[in-house]
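Single-letter residue listing:
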Amino acid sequence: MKLCIETINLTNADDLFAHTEQQLRPALILLERHVKSLTVQLEDVSGPKVGPSRGGVDKRCVMVVVPHTGTPMIFDDVHADVRQVLALTMRHLKRWIDARELQRLARPALGPCVGG
């Protein structure tokens, strides 16, 4: 599986890259066999900060999950804090993973009928 983490207009890109990778690790284990690629884009939509922070809900996290089969999923969230927006988007990703797992478990097993 291909993993791509991008940061745009964020000053602490190296720290965010490491933090994002660490937060994604459990999801990557579950997704590895089913997903071709996962792209995470963290962005300060109002641009890099110069001087005191202006505040506001201007941090964005977009995750694009491309499965081997089926339609790509896009998770897109905004928050005032970049780590919080990552956590929010991770929760949405986890719900999607859990739903896919439930669908897989709910499928009837194929094979010969046994019993009478």
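Further up the page is the structure itself.
Presented here is a report on the structure given in the accompanying data block. No experiment lies behind these values; they were computed from the predicted model shown. (Residues numbered from 1 in each chain as written. Predicted model: local features only at pLDDT ≥ 70, side-chain atom pairs only at ≥ 80, totals over all residues. Heavy atoms only, no water.)

1. Considering the layout of surface pockets
- By volume, the largest pocket amounts to about 280 Å³.
- Along the walls of the largest pocket sit 10 residues, with His 34, Ile 97, Arg 100, Glu 101 and Arg 104 positioned nearest its centre.
- Across the lining of the largest pocket, the residue classes break down as 3 nonpolar, 2 polar and 5 charged. (1 Å grid on protein atoms, 1.4 Å probe; cavity = no way out; pocket = protein on both sides within 12 Å on 5 of 7 lines; lining within 4 Å. Points joined across faces, edges and corners; volume = space filled by probe spheres on them. Nonpolar A, V, L, I, M, F, W, Y, C, P; charged D, E, K, R; others polar.)

2. Topic: the environment of Leu 28
- If you trace the backbone, Leu 28 turns up in helix H1 (residues 13-31).
- Separated by 25 residues in the primary sequence, Leu 28 and Leu 3 have C-alpha atoms spaced 8.9 Å apart.
- Residue contacts for Leu 28: discarding those within four places in its chain leaves Met 1, Leu 3 and Leu 38. (Helix = DSSP H or I, 4+ residues; strand = E, 2+ residues; numbered from the N terminus. Contact = heavy atoms within 4.5 Å.)

3. Notes on the packing of aromatic side chains
- Evaluation of the coordinates by the stated rule reveals 1 aromatic pair.
- Judged by centre distance (6.1 Å) and plane angle (70 degrees), the rings of Phe 75 and Trp 96 are edge-to-face. Taken together, the positions of Phe 75 in strand S4 (residues 73-79) and Trp 96 in helix H2 (residues 82-106) put the pair 21 residues apart, joining distant regions of the chain.
- With a relative accessible area of 9%, Phe 75 lands in the buried category.
- The exposure class assigned to Trp 96 is buried, which follows from its relative accessible area of 13%. (Phe/Tyr/Trp six-rings, centres within 6.5 Å; stacked < 30°, edge-to-face > 60°. Buried < 20%, exposed > 50% of the residue type's maximum accessible area, 1.4 Å probe, protein only.)

Honestly, it's all geometry; don't read function into it.
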